[in-house]
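# Observations on chain architecture
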Amino acid sequence: MRPFTYERATSAQAAAQAAAAYPDARFIAGGTNLLDLMKLQIETPAHLIDVNHLGLDRIEKTGDGGLRIGAHVRNTDLAADRTVRKDYAVLSRALLSGASGQLRNKATTAGNLLQRTRCPYFYDTSKPCNKRKPGSGCAAIGGFNRNLAIMGVSDACIATHPSDMAVAMRLLDARVETVNPHGITRAIPIAELHRLPGDTPHIETVLQPGELITSVVLPRPLGGRHVYRKVRDRASHAFANVSVAAVIGDGFQRFAFGGLAHKPWRVEAAENLSGADAIADAVLAGARTTPQNAFKTTLTRRTLGAVLREARA
Amino acid sequence: MSDPNDVTRRTVLASSAAAAGIAAAPAIAKQPVAHRKAPPSMTPSMQVALTVNGKAERLTIDPRVTLLDALREHLRLTGSKKGCDHGQCGACTVIVNGRRINSCLTLAVMHEGDEVTTIEGLGSPEKLHPMQAAFVKHDGFQCGYCTPGQICSSVAMLGEIKDGIPSHVTEDLMHVGFSDAEVRERMSGNICRCAAYPNIVAAIREVHKA
(Lines give C-alpha, C1' and ligand atoms only; values in the text may rest on other atoms or scores of the structure.)
Protein backbone atom coordinates (compact mmCIF):
# COMPACT_ATOMS: atom_id res chain seq x y z
CA MET A 1 0.00 0.00 0.00
CA ARG A 2 1.05 3.60 -0.62
CA PRO A 3 1.60 5.58 2.58
CA PHE A 4 -1.42 7.41 3.97
CA THR A 5 -2.45 9.25 7.09
CA TYR A 6 -5.43 8.10 9.11
CA GLU A 7 -8.01 9.79 11.29
CA ARG A 8 -11.11 8.67 13.13
CA ALA A 9 -14.05 10.98 12.45
CA THR A 10 -16.41 11.89 15.29
CA SER A 11 -19.40 13.19 13.34
CA ALA A 12 -20.77 12.82 9.82
CA GLN A 13 -20.25 16.45 8.97
CA ALA A 14 -16.73 16.45 10.42
CA ALA A 15 -15.96 13.46 8.21
CA ALA A 16 -17.28 15.29 5.15
CA GLN A 17 -15.26 18.39 6.09
CA ALA A 18 -12.10 16.33 6.51
CA ALA A 19 -12.65 14.79 3.09
CA ALA A 20 -12.99 18.24 1.55
CA ALA A 21 -9.82 19.42 3.29
CA TYR A 22 -7.62 16.58 2.07
CA PRO A 23 -7.22 15.96 -1.63
CA ASP A 24 -7.18 12.21 -2.36
CA ALA A 25 -8.96 11.36 0.89
CA ARG A 26 -11.26 8.34 1.13
CA PHE A 27 -13.83 7.35 3.72
CA ILE A 28 -13.26 3.89 5.15
CA ALA A 29 -16.00 1.87 6.87
CA GLY A 30 -15.88 -1.93 6.39
CA GLY A 31 -12.82 -1.56 4.18
CA THR A 32 -13.38 -4.90 2.45
CA ASN A 33 -13.23 -3.40 -1.05
CA LEU A 34 -11.10 -0.30 -0.44
CA LEU A 35 -8.20 -2.11 1.25
CA ASP A 36 -8.30 -4.83 -1.40
CA LEU A 37 -7.83 -2.11 -4.04
CA MET A 38 -5.23 -0.22 -1.99
CA LYS A 39 -3.05 -3.31 -1.77
CA LEU A 40 -3.04 -3.42 -5.57
CA GLN A 41 -2.45 0.36 -5.73
CA ILE A 42 -5.61 0.78 -7.77
CA GLU A 43 -6.85 3.04 -4.98
CA THR A 44 -4.07 5.27 -3.62
CA PRO A 45 -5.61 7.61 -1.05
CA ALA A 46 -3.25 9.94 0.82
CA HIS A 47 -5.63 10.13 3.77
CA LEU A 48 -8.19 7.75 5.26
CA ILE A 49 -11.16 8.96 7.28
CA ASP A 50 -12.55 6.18 9.48
CA VAL A 51 -16.32 6.66 9.61
CA ASN A 52 -17.11 3.63 11.78
CA HIS A 53 -17.81 5.64 14.92
CA LEU A 54 -20.50 8.08 13.79
CA GLY A 55 -23.46 6.24 15.31
CA LEU A 56 -24.78 5.42 11.83
CA ASP A 57 -25.30 1.77 12.71
CA ARG A 58 -29.01 1.68 13.57
CA ILE A 59 -32.14 0.56 11.73
CA GLU A 60 -35.22 2.63 12.62
CA LYS A 61 -38.83 2.91 11.45
CA THR A 62 -39.61 6.19 9.69
CA GLY A 63 -42.70 8.30 10.35
CA ASP A 64 -44.41 7.18 7.13
CA GLY A 65 -44.00 3.44 7.77
CA GLY A 66 -40.68 2.98 5.99
CA LEU A 67 -37.26 2.05 7.34
CA ARG A 68 -34.12 4.15 7.78
CA ILE A 69 -30.94 2.05 7.59
CA GLY A 70 -27.79 3.66 8.95
CA ALA A 71 -24.99 3.86 6.40
CA HIS A 72 -22.75 1.63 8.49
CA VAL A 73 -25.17 -1.13 9.40
CA ARG A 74 -23.26 -4.30 8.52
CA ASN A 75 -24.59 -6.51 5.74
CA THR A 76 -25.08 -9.36 8.24
CA ASP A 77 -27.14 -7.18 10.58
CA LEU A 78 -29.28 -5.77 7.78
CA ALA A 79 -30.01 -9.23 6.37
CA ALA A 80 -30.87 -10.54 9.85
CA ASP A 81 -33.01 -7.58 10.99
CA ARG A 82 -36.47 -8.96 11.77
CA THR A 83 -38.35 -6.14 10.02
CA VAL A 84 -36.20 -6.57 6.91
CA ARG A 85 -36.69 -10.34 6.93
CA LYS A 86 -40.46 -9.97 7.33
CA ASP A 87 -41.28 -6.90 5.19
CA TYR A 88 -38.34 -6.57 2.77
CA ALA A 89 -37.35 -10.20 2.31
CA VAL A 90 -35.93 -9.56 -1.16
CA LEU A 91 -33.30 -7.34 0.50
CA SER A 92 -32.34 -10.04 3.02
CA ARG A 93 -32.14 -12.60 0.21
CA ALA A 94 -29.99 -10.35 -1.96
CA LEU A 95 -27.58 -9.59 0.89
CA LEU A 96 -27.27 -13.25 1.85
CA SER A 97 -26.45 -14.24 -1.72
CA GLY A 98 -23.42 -11.94 -1.75
CA ALA A 99 -19.83 -12.43 -0.57
CA SER A 100 -19.02 -14.65 2.44
CA GLY A 101 -20.01 -14.65 6.13
CA GLN A 102 -16.74 -12.94 7.07
CA LEU A 103 -17.13 -10.20 4.47
CA ARG A 104 -20.80 -9.57 5.33
CA ASN A 105 -19.79 -9.12 8.97
CA LYS A 106 -17.61 -6.15 7.99
CA ALA A 107 -19.17 -4.72 4.82
CA THR A 108 -21.57 -1.82 5.33
CA THR A 109 -24.75 -0.66 3.62
CA ALA A 110 -23.17 2.47 2.12
CA GLY A 111 -19.93 0.70 1.24
CA ASN A 112 -21.84 -2.03 -0.55
CA LEU A 113 -23.49 0.60 -2.78
CA LEU A 114 -20.13 2.23 -3.50
CA GLN A 115 -18.09 -0.92 -4.13
CA ARG A 116 -16.25 -0.94 -7.42
CA THR A 117 -16.46 -3.28 -10.37
CA ARG A 118 -14.73 -6.66 -10.39
CA CYS A 119 -13.93 -6.38 -14.12
CA PRO A 120 -10.64 -8.32 -14.43
CA TYR A 121 -9.04 -5.51 -16.41
CA PHE A 122 -9.88 -2.92 -13.75
CA TYR A 123 -7.93 -5.15 -11.35
CA ASP A 124 -5.02 -5.86 -13.75
CA THR A 125 -2.79 -2.80 -13.56
CA SER A 126 -0.71 -4.00 -16.53
CA LYS A 127 -3.72 -3.51 -18.85
CA PRO A 128 -5.54 -0.41 -20.10
CA CYS A 129 -8.74 0.50 -18.25
CA ASN A 130 -10.68 3.75 -18.70
CA LYS A 131 -12.19 3.37 -15.24
CA ARG A 132 -8.83 2.97 -13.51
CA LYS A 133 -6.88 5.33 -15.79
CA PRO A 134 -9.15 7.64 -17.82
CA GLY A 135 -8.27 7.70 -21.52
CA SER A 136 -6.09 4.60 -21.43
CA GLY A 137 -8.59 2.42 -23.31
CA CYS A 138 -10.66 -0.64 -22.49
CA ALA A 139 -8.98 -4.04 -22.60
CA ALA A 140 -12.24 -5.77 -21.72
CA ILE A 141 -14.15 -4.95 -24.92
CA GLY A 142 -11.82 -7.11 -27.04
CA GLY A 143 -10.69 -9.31 -24.18
CA PHE A 144 -12.12 -11.81 -21.72
CA ASN A 145 -15.55 -10.31 -21.19
CA ARG A 146 -17.78 -13.29 -20.52
CA ASN A 147 -19.18 -11.85 -17.27
CA LEU A 148 -19.27 -8.18 -18.25
CA ALA A 149 -22.19 -5.86 -19.05
CA ILE A 150 -24.66 -6.06 -21.92
CA MET A 151 -26.93 -3.11 -21.00
CA GLY A 152 -26.10 0.60 -20.94
CA VAL A 153 -22.52 -0.06 -22.06
CA SER A 154 -20.30 2.40 -23.93
CA ASP A 155 -17.23 2.22 -26.16
CA ALA A 156 -15.21 3.22 -23.09
CA CYS A 157 -16.41 0.61 -20.57
CA ILE A 158 -18.45 -2.58 -20.23
CA ALA A 159 -17.95 -3.08 -16.48
CA THR A 160 -20.78 -4.34 -14.27
CA HIS A 161 -21.75 -3.16 -10.81
CA PRO A 162 -21.09 -6.21 -8.61
CA SER A 163 -23.58 -5.63 -5.78
CA ASP A 164 -26.57 -7.87 -5.06
CA MET A 165 -27.84 -5.59 -2.29
CA ALA A 166 -28.04 -2.61 -4.66
CA VAL A 167 -30.32 -4.59 -7.00
CA ALA A 168 -32.83 -5.12 -4.19
CA MET A 169 -32.50 -1.47 -3.10
CA ARG A 170 -33.31 -0.41 -6.68
CA LEU A 171 -36.32 -2.72 -6.73
CA LEU A 172 -37.58 -1.20 -3.47
CA ASP A 173 -37.00 2.42 -4.64
CA ALA A 174 -34.66 3.23 -1.75
CA ARG A 175 -33.42 6.78 -1.16
CA VAL A 176 -29.81 7.51 -0.30
CA GLU A 177 -29.34 10.28 2.27
CA THR A 178 -26.09 12.25 2.34
CA VAL A 179 -24.36 15.17 4.02
CA ASN A 180 -21.79 17.39 2.32
CA PRO A 181 -18.85 19.35 3.81
CA HIS A 182 -21.11 22.40 4.31
CA GLY A 183 -23.57 20.36 6.37
CA ILE A 184 -26.18 20.35 3.60
CA THR A 185 -28.16 17.12 3.37
CA ARG A 186 -29.97 15.64 0.39
CA ALA A 187 -31.84 12.46 -0.58
CA ILE A 188 -30.89 10.78 -3.85
CA PRO A 189 -33.27 8.23 -5.41
CA ILE A 190 -31.30 5.00 -5.81
CA ALA A 191 -32.11 5.02 -9.52
CA GLU A 192 -30.04 8.20 -9.84
CA LEU A 193 -27.12 7.28 -7.55
CA HIS A 194 -25.13 5.19 -10.04
CA ARG A 195 -24.20 6.51 -13.47
CA LEU A 196 -23.86 4.70 -16.76
CA PRO A 197 -20.24 4.62 -17.98
CA GLY A 198 -20.56 6.88 -21.05
CA ASP A 199 -17.13 8.37 -21.75
CA THR A 200 -16.38 8.94 -18.03
CA PRO A 201 -16.53 5.44 -16.52
CA HIS A 202 -14.25 6.55 -13.67
CA ILE A 203 -17.11 8.71 -12.32
CA GLU A 204 -19.41 6.05 -10.94
CA THR A 205 -21.97 7.94 -8.85
CA VAL A 206 -23.52 11.40 -8.59
CA LEU A 207 -21.92 11.94 -5.16
CA GLN A 208 -19.86 15.13 -4.97
CA PRO A 209 -16.35 15.30 -3.47
CA GLY A 210 -16.61 14.98 0.31
CA GLU A 211 -20.28 13.96 0.23
CA LEU A 212 -20.92 11.19 2.77
CA ILE A 213 -23.80 8.71 2.73
CA THR A 214 -25.49 8.77 6.14
CA SER A 215 -28.42 6.41 5.60
CA VAL A 216 -30.51 4.53 3.09
CA VAL A 217 -34.29 4.85 3.46
CA LEU A 218 -36.81 2.25 2.30
CA PRO A 219 -40.39 3.31 1.55
CA ARG A 220 -43.21 1.49 3.34
CA PRO A 221 -43.40 -2.25 2.60
CA LEU A 222 -44.94 -3.35 -0.70
CA GLY A 223 -46.25 -6.71 0.47
CA GLY A 224 -46.37 -9.44 -2.18
CA ARG A 225 -44.00 -12.33 -2.81
CA HIS A 226 -40.31 -11.46 -2.59
CA VAL A 227 -37.76 -13.41 -4.64
CA TYR A 228 -34.05 -12.94 -5.32
CA ARG A 229 -32.59 -15.46 -7.71
CA LYS A 230 -28.88 -15.32 -8.48
CA VAL A 231 -27.10 -17.40 -11.12
CA ARG A 232 -23.34 -17.69 -10.72
CA ASP A 233 -20.40 -19.90 -11.64
CA ARG A 234 -20.10 -21.35 -8.10
CA ALA A 235 -22.85 -22.24 -5.62
CA SER A 236 -21.61 -19.61 -3.14
CA HIS A 237 -19.11 -16.76 -2.67
CA ALA A 238 -19.18 -15.63 -6.32
CA PHE A 239 -20.47 -12.62 -8.25
CA ALA A 240 -23.60 -12.95 -10.35
CA ASN A 241 -23.69 -13.85 -14.00
CA VAL A 242 -27.27 -12.67 -13.84
CA SER A 243 -29.56 -12.00 -10.89
CA VAL A 244 -33.25 -11.15 -10.73
CA ALA A 245 -34.94 -9.39 -7.82
CA ALA A 246 -38.73 -9.46 -7.85
CA VAL A 247 -41.72 -8.42 -5.79
CA ILE A 248 -44.99 -9.76 -7.12
CA GLY A 249 -48.31 -8.91 -5.47
CA ASP A 250 -51.98 -8.52 -6.30
CA GLY A 251 -52.05 -6.42 -9.45
CA PHE A 252 -48.44 -5.31 -9.42
CA GLN A 253 -44.99 -6.64 -10.18
CA ARG A 254 -41.48 -5.21 -10.04
CA PHE A 255 -38.21 -6.59 -11.40
CA ALA A 256 -34.61 -5.45 -11.09
CA PHE A 257 -31.55 -7.16 -12.52
CA GLY A 258 -27.94 -7.59 -11.50
CA GLY A 259 -24.93 -8.62 -13.58
CA LEU A 260 -26.21 -6.80 -16.66
CA ALA A 261 -24.98 -3.23 -16.34
CA HIS A 262 -22.87 -0.55 -14.67
CA LYS A 263 -25.77 -0.11 -12.24
CA PRO A 264 -28.72 -2.16 -11.03
CA TRP A 265 -30.92 -2.53 -14.11
CA ARG A 266 -34.64 -1.84 -13.95
CA VAL A 267 -37.09 -0.94 -16.72
CA GLU A 268 -40.33 0.18 -15.09
CA ALA A 269 -42.26 0.09 -18.39
CA ALA A 270 -41.62 -3.66 -18.63
CA GLU A 271 -43.50 -4.20 -15.37
CA ASN A 272 -46.86 -3.58 -17.07
CA LEU A 273 -46.30 -6.55 -19.39
CA SER A 274 -47.06 -10.19 -18.71
CA GLY A 275 -45.00 -13.30 -19.37
CA ALA A 276 -41.26 -13.75 -19.06
CA ASP A 277 -40.58 -13.30 -22.77
CA ALA A 278 -42.45 -10.01 -23.14
CA ILE A 279 -40.90 -8.63 -19.95
CA ALA A 280 -37.41 -9.79 -20.91
CA ASP A 281 -37.77 -8.31 -24.42
CA ALA A 282 -38.54 -4.92 -22.88
CA VAL A 283 -35.82 -5.16 -20.22
CA LEU A 284 -33.18 -6.23 -22.74
CA ALA A 285 -34.09 -3.75 -25.49
CA GLY A 286 -30.88 -2.23 -26.84
CA ALA A 287 -28.62 -4.94 -25.44
CA ARG A 288 -25.08 -4.84 -26.80
CA THR A 289 -23.42 -8.20 -26.37
CA THR A 290 -20.09 -9.77 -27.24
CA PRO A 291 -19.70 -13.36 -28.47
CA GLN A 292 -18.66 -14.32 -24.92
CA ASN A 293 -21.44 -12.65 -22.93
CA ALA A 294 -24.37 -13.03 -25.35
CA PHE A 295 -25.51 -15.94 -23.18
CA LYS A 296 -26.67 -13.37 -20.62
CA THR A 297 -29.74 -12.47 -22.69
CA THR A 298 -30.95 -16.09 -22.68
CA LEU A 299 -29.96 -16.51 -19.04
CA THR A 300 -31.89 -13.36 -18.05
CA ARG A 301 -34.99 -14.59 -19.88
CA ARG A 302 -34.85 -18.03 -18.28
CA THR A 303 -34.02 -16.76 -14.79
CA LEU A 304 -36.95 -14.35 -15.01
CA GLY A 305 -39.17 -17.26 -16.06
CA ALA A 306 -38.00 -19.27 -13.04
CA VAL A 307 -38.69 -16.30 -10.75
CA LEU A 308 -42.24 -15.89 -12.11
CA ARG A 309 -42.94 -19.60 -11.59
CA GLU A 310 -41.51 -19.45 -8.04
CA ALA A 311 -43.52 -16.34 -7.14
CA ARG A 312 -46.78 -17.89 -8.36
CA ALA A 313 -46.22 -21.34 -6.90
CA MET B 1 19.38 -21.26 25.73
CA SER B 2 16.97 -23.15 23.59
CA ASP B 3 17.52 -26.75 22.63
CA PRO B 4 19.22 -26.85 19.20
CA ASN B 5 17.09 -29.90 18.40
CA ASP B 6 13.93 -27.95 19.02
CA VAL B 7 13.43 -27.10 15.37
CA THR B 8 9.87 -26.13 14.55
CA ARG B 9 8.32 -26.25 11.12
CA ARG B 10 8.36 -22.46 11.15
CA THR B 11 12.11 -22.16 11.74
CA VAL B 12 12.78 -24.74 9.02
CA LEU B 13 10.57 -22.81 6.60
CA ALA B 14 12.16 -19.50 7.58
CA SER B 15 15.74 -20.73 7.14
CA SER B 16 15.02 -22.50 3.87
CA ALA B 17 13.24 -19.42 2.55
CA ALA B 18 16.25 -17.29 3.45
CA ALA B 19 18.56 -19.76 1.69
CA ALA B 20 16.37 -19.71 -1.41
CA GLY B 21 16.41 -15.92 -1.38
CA ILE B 22 20.21 -15.80 -1.29
CA ALA B 23 20.51 -18.33 -4.10
CA ALA B 24 17.95 -16.58 -6.30
CA ALA B 25 18.97 -12.97 -5.72
CA PRO B 26 22.59 -12.52 -4.66
CA ALA B 27 22.54 -8.79 -5.47
CA ILE B 28 19.72 -8.21 -3.01
CA ALA B 29 21.33 -10.46 -0.42
CA LYS B 30 24.44 -8.24 -0.39
CA GLN B 31 22.45 -5.19 0.70
CA PRO B 32 22.56 -4.34 4.38
CA VAL B 33 20.03 -6.50 6.20
CA ALA B 34 18.52 -3.59 8.12
CA HIS B 35 17.77 -1.79 4.87
CA ARG B 36 15.86 -4.77 3.47
CA LYS B 37 13.92 -5.43 6.64
CA ALA B 38 12.61 -1.92 7.14
CA PRO B 39 11.70 -0.03 3.98
CA PRO B 40 11.39 3.67 4.71
CA SER B 41 7.95 4.70 5.83
CA MET B 42 6.60 8.14 5.01
CA THR B 43 3.75 7.91 7.46
CA PRO B 44 4.09 8.48 11.19
CA SER B 45 3.43 5.47 13.38
CA MET B 46 0.24 5.38 15.40
CA GLN B 47 -0.71 3.79 18.67
CA VAL B 48 -3.52 1.31 19.05
CA ALA B 49 -4.64 -0.53 22.17
CA LEU B 50 -6.63 -3.72 21.83
CA THR B 51 -7.18 -7.02 23.60
CA VAL B 52 -5.85 -10.16 21.94
CA ASN B 53 -6.78 -13.53 23.42
CA GLY B 54 -7.63 -11.86 26.71
CA LYS B 55 -4.36 -9.95 26.97
CA ALA B 56 -4.16 -6.16 26.70
CA GLU B 57 -1.78 -5.12 23.92
CA ARG B 58 -0.49 -1.72 22.86
CA LEU B 59 1.06 -1.40 19.43
CA THR B 60 2.95 1.41 17.74
CA ILE B 61 2.48 0.76 14.05
CA ASP B 62 2.30 2.19 10.55
CA PRO B 63 -1.39 2.77 9.70
CA ARG B 64 -0.93 0.50 6.66
CA VAL B 65 -0.48 -2.57 8.85
CA THR B 66 -3.44 -4.92 8.56
CA LEU B 67 -4.82 -6.66 11.62
CA LEU B 68 -3.41 -9.90 10.21
CA ASP B 69 0.13 -8.49 9.92
CA ALA B 70 -0.14 -6.93 13.38
CA LEU B 71 -1.02 -10.33 14.83
CA ARG B 72 1.63 -12.25 12.92
CA GLU B 73 4.55 -9.84 12.67
CA HIS B 74 4.12 -7.62 15.72
CA LEU B 75 2.53 -9.95 18.27
CA ARG B 76 4.13 -13.12 16.85
CA LEU B 77 0.79 -14.93 16.80
CA THR B 78 1.44 -16.86 13.61
CA GLY B 79 -1.54 -19.17 13.87
CA SER B 80 -3.63 -16.87 11.67
CA LYS B 81 -2.46 -17.46 8.12
CA LYS B 82 -1.96 -15.23 5.11
CA GLY B 83 -3.38 -16.98 2.05
CA CYS B 84 -4.62 -14.63 -0.65
CA ASP B 85 -4.41 -11.41 1.43
CA HIS B 86 -7.56 -10.20 -0.40
CA GLY B 87 -10.48 -11.65 1.57
CA GLN B 88 -11.09 -14.51 -0.84
CA CYS B 89 -9.67 -17.55 0.97
CA GLY B 90 -10.50 -17.13 4.67
CA ALA B 91 -7.13 -18.40 6.00
CA CYS B 92 -6.80 -15.19 8.04
CA THR B 93 -10.19 -15.50 9.76
CA VAL B 94 -10.19 -14.28 13.38
CA ILE B 95 -13.01 -13.37 15.76
CA VAL B 96 -13.36 -9.67 16.63
CA ASN B 97 -15.94 -8.69 19.26
CA GLY B 98 -17.60 -12.07 18.70
CA ARG B 99 -17.78 -11.76 14.90
CA ARG B 100 -15.63 -13.66 12.39
CA ILE B 101 -13.85 -11.39 9.92
CA ASN B 102 -11.01 -11.50 7.38
CA SER B 103 -8.11 -9.98 9.34
CA CYS B 104 -6.28 -9.25 6.07
CA LEU B 105 -8.94 -6.74 4.99
CA THR B 106 -8.94 -4.48 8.01
CA LEU B 107 -6.35 -2.08 9.41
CA ALA B 108 -4.99 -2.68 12.90
CA VAL B 109 -5.42 1.02 13.77
CA MET B 110 -9.17 0.62 13.22
CA HIS B 111 -9.40 -1.82 16.14
CA GLU B 112 -8.89 0.47 19.13
CA GLY B 113 -10.55 -1.17 22.15
CA ASP B 114 -11.58 -4.30 20.25
CA GLU B 115 -11.38 -7.87 21.54
CA VAL B 116 -9.64 -10.20 19.14
CA THR B 117 -9.59 -13.99 19.41
CA THR B 118 -7.19 -15.98 17.25
CA ILE B 119 -6.68 -19.73 17.01
CA GLU B 120 -4.10 -19.39 19.84
CA GLY B 121 -6.87 -17.99 22.05
CA LEU B 122 -9.35 -20.76 21.34
CA GLY B 123 -7.22 -23.61 22.62
CA SER B 124 -3.71 -24.95 23.14
CA PRO B 125 -2.01 -28.26 22.27
CA GLU B 126 -2.58 -29.31 25.91
CA LYS B 127 -6.18 -28.15 26.05
CA LEU B 128 -7.84 -28.20 22.65
CA HIS B 129 -11.03 -26.26 21.94
CA PRO B 130 -13.85 -28.75 21.14
CA MET B 131 -13.74 -27.62 17.50
CA GLN B 132 -9.99 -28.26 17.32
CA ALA B 133 -10.49 -31.71 18.82
CA ALA B 134 -13.28 -32.46 16.34
CA PHE B 135 -11.11 -31.40 13.37
CA VAL B 136 -8.38 -33.80 14.60
CA LYS B 137 -10.87 -36.62 15.19
CA HIS B 138 -12.53 -36.26 11.77
CA ASP B 139 -9.33 -35.56 9.84
CA GLY B 140 -10.69 -32.15 8.82
CA PHE B 141 -7.48 -31.11 7.07
CA GLN B 142 -4.50 -32.31 5.09
CA CYS B 143 -1.79 -29.63 4.80
CA GLY B 144 -3.35 -27.62 7.64
CA TYR B 145 -2.71 -24.16 6.22
CA CYS B 146 -6.39 -23.17 6.08
CA THR B 147 -7.22 -24.91 9.37
CA PRO B 148 -6.82 -22.04 11.89
CA GLY B 149 -9.12 -19.94 9.71
CA GLN B 150 -11.56 -22.83 9.26
CA ILE B 151 -11.73 -23.37 13.02
CA CYS B 152 -12.14 -19.69 13.98
CA SER B 153 -14.75 -19.36 11.25
CA SER B 154 -16.69 -22.47 12.28
CA VAL B 155 -16.76 -21.50 15.99
CA ALA B 156 -18.20 -18.07 15.16
CA MET B 157 -20.46 -19.55 12.46
CA LEU B 158 -22.20 -21.82 14.99
CA GLY B 159 -22.79 -18.68 17.05
CA GLU B 160 -24.43 -17.03 14.03
CA ILE B 161 -26.84 -19.97 13.65
CA LYS B 162 -27.59 -19.85 17.38
CA ASP B 163 -28.30 -16.12 17.09
CA GLY B 164 -30.84 -16.84 14.33
CA ILE B 165 -28.92 -15.13 11.53
CA PRO B 166 -30.24 -16.59 8.24
CA SER B 167 -28.16 -17.69 5.25
CA HIS B 168 -28.60 -17.99 1.49
CA VAL B 169 -29.89 -21.57 1.88
CA THR B 170 -32.28 -20.87 4.79
CA GLU B 171 -35.73 -21.78 3.39
CA ASP B 172 -37.80 -19.71 5.82
CA LEU B 173 -35.94 -16.51 6.76
CA MET B 174 -37.75 -16.41 10.11
CA HIS B 175 -36.66 -19.91 11.16
CA VAL B 176 -32.96 -20.64 11.22
CA GLY B 177 -31.63 -24.12 11.98
CA PHE B 178 -28.60 -26.33 11.60
CA SER B 179 -28.05 -28.59 8.58
CA ASP B 180 -25.13 -29.77 6.49
CA ALA B 181 -26.31 -27.50 3.68
CA GLU B 182 -26.26 -24.54 6.07
CA VAL B 183 -22.69 -25.39 7.11
CA ARG B 184 -21.49 -25.66 3.51
CA GLU B 185 -23.04 -22.34 2.55
CA ARG B 186 -21.92 -20.50 5.68
CA MET B 187 -18.34 -21.83 5.41
CA SER B 188 -17.95 -20.84 1.73
CA GLY B 189 -15.59 -18.03 2.71
CA ASN B 190 -13.01 -20.60 3.85
CA ILE B 191 -11.29 -22.35 0.98
CA CYS B 192 -9.48 -25.67 1.51
CA ARG B 193 -7.10 -26.43 -1.35
CA CYS B 194 -6.80 -30.02 -0.10
CA ALA B 195 -10.61 -30.31 -0.29
CA ALA B 196 -11.13 -31.71 3.22
CA TYR B 197 -14.66 -30.32 3.09
CA PRO B 198 -16.66 -33.47 3.95
CA ASN B 199 -14.55 -34.01 7.07
CA ILE B 200 -14.75 -30.34 8.04
CA VAL B 201 -18.56 -30.58 7.84
CA ALA B 202 -18.44 -33.77 9.96
CA ALA B 203 -16.31 -32.02 12.61
CA ILE B 204 -18.64 -29.02 12.77
CA ARG B 205 -21.71 -31.29 12.93
CA GLU B 206 -20.24 -33.12 15.92
CA VAL B 207 -19.51 -29.89 17.83
CA HIS B 208 -23.02 -28.62 17.08
CA LYS B 209 -24.55 -31.83 18.47
CA ALA B 210 -22.44 -31.79 21.63
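One can find the structure itself at the top, above this paragraph.
Since this is a predicted model, take the numbers as computed values, not measurements. (Residues numbered from 1 in each chain as written. Chains lettered and ligands numbered in written order. Predicted model: local features only at pLDDT ≥ 70, side-chain atom pairs only at ≥ 80, totals over all residues. Heavy atoms only, no water.)

A few words on the overall build of chain A. The helix and strand inventory of chain A stands at 12 helices and 11 strands. A compact globule built from 313 residues should have a C-alpha radius of gyration of about 20 Å, and chain A, at 19 Å, falls within 12% of that. Projected onto its principal axes, the C-alpha positions of chain A cover 55 × 50 × 30 Å. When each of the 313 residues of chain A is scored for burial, the buried share is 59%. Within chain A, residue pairs in contact and separated by at least 24 positions form 63% of the contacts whose partners lie at least 6 positions apart. Element-wise, carbon and sulfur atoms account for 50% of the exposed surface of chain A, whose accessible area totals about 12200 Å². The average position of the 40 basic charges and that of the 27 acidic charges among the side chains of chain A differ by 5 Å. (Helix = DSSP H or I, 4+ residues; strand = E, 2+ residues; numbered from the N terminus. Rg over C-alpha atoms; globule rule 2.2 N^0.38 Å. Buried < 20%, exposed > 50% of the residue type's maximum accessible area, 1.4 Å probe, protein only. Contact = heavy atoms within 4.5 Å. Areas by Shrake-Rupley, 256 points an atom, 1.4 Å probe, with all protein chains shown as cover. Lys, Arg positive; Asp, Glu negative; His and termini not counted. Charge placed at Lys NZ, Arg CZ, Asp CG, Glu CD.)

Sheet strands pair by backbone hydrogen bonding; their relative direction is either parallel or antiparallel. Residues and elements named next belong to chain A. One open sheet accounts for three strands, arranged β9-β10-β11; its pairing is antiparallel. At either margin of the open sheet sits one strand with a lone partner, and together these are β9 (225-232) and β11 (252-258). On average, adjacent strands in this sheet sit at an angle of 10° to one another, irrespective of strand direction. In this fold helix α12 (residues 295-312) packs onto β9, β10 (240-249) and β11, with an angle of close to 30° to the strand it touches most, β10. (Pairing = 2+ DSSP bridges. Axes fitted to C-alpha atoms, helices over the stretch in contact; angles between N-to-C directions.)

On to the packing of helix α6 (residues 130-137) of chain B against helix α9 (residues 197-209) of chain B, then. All names here are of chain B. The geometry of α6 relative to α9 is characterised by a closest axis approach of 8 Å and an angle of 135° between their N-to-C directions. Judged by the inter-axis angle, α6 sits oblique to α9. α9 is crossed by α6, and the crossing has right-handed handedness. Residues Pro130, Met131, Ala134, Phe135 and Lys137 of α6 pack against Ile200, Ala203, Ile204, Glu206 and Val207 of α9. In the contact of α6 with α9, the residues fall into eight nonpolar, no polar and two charged. (Parallel < 35°, antiparallel > 145°, perpendicular 65-115°, else oblique. Left-handed = near helix turned anticlockwise from the far one by under 90°. Nonpolar A, V, L, I, M, F, W, Y, C, P; charged D, E, K, R; others polar.)

Let's shift gears to the side chain of A:Ser97. The topology assignment puts A:Ser97 in the loop between α5 (89-96) and α6 (101-106). Overall, A:Ser97 belongs to the buried group, its relative accessible area being 1%. Residues contacting A:Ser97, with those up to four places away along its chain left out, are A:Asp164, A:Tyr228, A:Lys230, A:Arg232 and B:His168.

Taking 1.5 Å per residue as the helical rise, α9(B) with its 13 residues ought to reach 18 Å, and the 18 Å between its terminal C-alpha atoms agrees with that figure. Looking at α9(B), one finds that the buried residues are B:Ile200, B:Val201, B:Ala202, B:Ala203, B:Ile204 and B:Val207. (Expected span 1.5 Å × (residues − 1).)

With that out of the way, let us pick up the packing of α6(B) against helix α7 (residues 147-162) of chain B. Residues and elements named next belong to chain B. Taken N-terminus to C-terminus, the directions of α6 and α7 make an angle of 125°; their axes are 10 Å apart at the nearest point. Considering their axes alone, α6 and α7 lie oblique with respect to each other. Our pair here, α6 against α7, has a crossing hand that is right-handed. In contact with Met131, Gln132 and Phe135 of α6, α7 contributes Thr147, Gln150, Ile151, Ser154, Val155 and Leu158. In the contact of α6 with α7, the residues fall into five nonpolar, four polar and no charged.

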